[in-house]
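Close look at the chain arrangement
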Amino acid sequence: MKTFLRDTAIVFGREVTPALRQPAGLLLEMGQPLLFLFLYGALLDGAVGSSWQWFVPGILVMMCLTGPMASGYTMLVELIGGSLERLLVTPLNRTAMLVGRTMKVTVVLLCQALLIVVLALPLGFRLHPTGAPAGIAMLLLFATGLGSLSYTLAIRSAPDGTLFYLVTQALLFPLMLLSGVFLPMSGGPSWLRAVGEVNPVTHVVDAQRALFSGDLTHPSVLYGTAAAALVAVLGLVAGNRALRKGV
């Protein structure tokens, strides 16, 4: 156990150090979420009830998709350059390699999510002392699964990475648009709502809105937690197998 924790800390430090040295890069990654927050959110004012309570959780989920889903790009660069193969021949635990990388993804997302929440407070967004931490915890769980799946896809895409770009670009916007991040799905046709119901991101978005509104007993919280946990388990299992199999 001590060896696993040590290896996880080593990998986490290796991954997070470049981000700490260039914090401006983390802010640049938030350009699109901030643009939607201040411009698109203002357009929704009054259109969906308490617009900021409705829209800010959607922005947080959007960040969860755009960040962790693309996190496998760094591994793909290492695969193409050969540095990952050199890392794989070290005594580092393969599972620790995956956990350390996903920890970096979740820490970055946590910092960005907290910044979005702080910036939204002057706009009228309200924090609930129990719902907000629960919502952030669910986001981090969901990000763990998405990041692990992204790393798995990066390994499967070696050596040219074409599969990684095709899959991530093909999935990102449908998952986002069919989850009700930007507009309520209830206003769409029946076939669109049916497609949205099978989208796990939809349940996470609904759960986030319930939690950040302080409604911890809403049924969507259970469905969202189950969806986030399922993605996390699938991602960790798939990523662990891919790293143990090697490239």
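In what follows, the structure referred to is the one given above.
Residues numbered from 1 in each chain as written. Predicted model: local features only at pLDDT ≥ 70, side-chain atom pairs only at ≥ 80, totals over all residues. Heavy atoms only, no water.

Notes on the layout of surface pockets
Over the atoms, a rolled probe matching the size of one water molecule traces out where space is still vacant. Put simply, the rule reads: Throughout, the protein atoms alone are placed on a 1 Å grid, and a set of points is a cavity if a 1.4 Å probe fits but cannot get out or a pocket if it is open with protein on both sides within 12 Å along at least five of seven lines; lining residues have an atom within 4 Å of a point. Grid points are joined across faces, edges and corners, and a volume is the space filled by probe spheres set on the points. Starting at the N terminus, helices and strands are each numbered in turn, a helix being any DSSP run of H or I of at least four residues and a strand any DSSP run of E of at least two.
Space inside the largest pocket adds up to approximately 660 Å³. The wall of the largest pocket is formed by 26 residues, among which L26, E29, S71, T74 and K104 lie closest to the centre. When residues of the lining of the largest pocket are traced back to their parent elements, those giving at least two are α1 (2–21), α2 (23–29), α3 (31–43), α4 (51–66), α5 (72–81) and α7 (94–120).

Description of the side chain of S148
Operational definition: In what follows, residue pairs with any heavy atoms lying within 4.5 Å of each other are defined as contacts.
Here S148 lies in helix α8 (residues 131–157). In this structure S148 touches L98, T102, G235, L236 and G239, once residues within four positions along its chain are discounted.

A word on the packing of aromatic side chains
Put simply, the rule reads: Aromatic rings from Phe, Tyr and Trp, with only the six-membered ring used for Trp, were paired whenever their centres fell within 6.5 Å, and each pair was classed as stacked if the ring planes differed by under 30 degrees, edge-to-face if by over 60, and tilted otherwise. Remark: exposure states derive from per-residue accessible area (1.4 Å probe, protein chains only) relative to the maximum for the residue type, with buried under 20%, exposed over 50%, and partly exposed in between. Counted as over-ring charges are cases with an Arg CZ or a Lys NZ within 6 Å of the ring centre that also lie within 35 degrees of the ring normal.
All told, the structure shown has three aromatic pairs when counted by the stated rule. For the pair F164 and Y165, a centre-to-centre distance of 5.9 Å together with 80° between the ring planes defines the contact as edge-to-face. Since its relative accessible area comes to 3%, F164 is described here as buried. Among the residues examined, Y165 registers a relative accessible area of 39% and is labelled partly exposed. The lysine or arginine in question, R209, covers the ring of W54, its NZ or CZ lying 3.6 Å from the ring centre.

Quick word on a nonpolar patch on the surface
Just so we agree on the cut-off: Patch rule: a residue counts if its relative accessible area is over 30% and it has no salt bridge; like charges are joined within 9 Å, and nonpolar side chains (Val, Leu, Ile, Met, Phe, Trp, Tyr) within 5 Å. Under the convention used here, a 1.4 Å probe and the Shrake-Rupley method define accessible areas, while residue burial counts only the protein chains that appear. Salt-bridge detection follows one rule: a side-chain nitrogen of Lys or Arg within 4 Å of a carboxyl oxygen of Asp or Glu.
A surface patch of nonpolar side chains, amounting to about 420 Å² of accessible area, comprises L35, F38, L39, L119 and L123. If one sorts the elements of the nonpolar patch by residue count, α3 sits on top with three residues. Mapped onto the secondary structure, L123 falls in the loop between α7 and α8. Residue class for L123 comes out partly exposed when judged on its relative accessible area of 30%.

Re the packing of α7 against helix α12 (residues 219–245)
Threshold: Note on geometry: axes are lines fitted to C-alpha atoms, helical ones only across the stretch in contact, with angles between N-to-C directions running from 0 to 180 degrees. Each angle receives one of four descriptions, namely roughly parallel if under 35 degrees, roughly antiparallel if over 145, roughly perpendicular if within 65 to 115, and oblique otherwise. If you view the pair so one helix is near and one far, a crossing is left-handed when the near helix is turned anticlockwise from the far one by less than a right angle, and right-handed when it is turned clockwise. Note that Gly is not counted as nonpolar here; it falls among the polar residues with everything else outside the nonpolar set of Ala, Val, Leu, Ile, Met, Phe, Trp, Tyr, Cys and Pro and the charged set of Asp, Glu, Lys and Arg.
Here α7 crosses α12 at 130°, and the two axes come no closer than 9 Å. By the angle between their axes, α7 is oblique relative to α12. Two packed elements cross with a definite hand, and for α7 against α12 that hand is right-handed. Contacts between α7 and α12 involve R94, T95, M97 and L98 from the first element and L236, G239, N240, L243 and R244 from the second. When the residues that make up the contact of α7 with α12 are grouped by side-chain class, the tally is four nonpolar, three polar and two charged.

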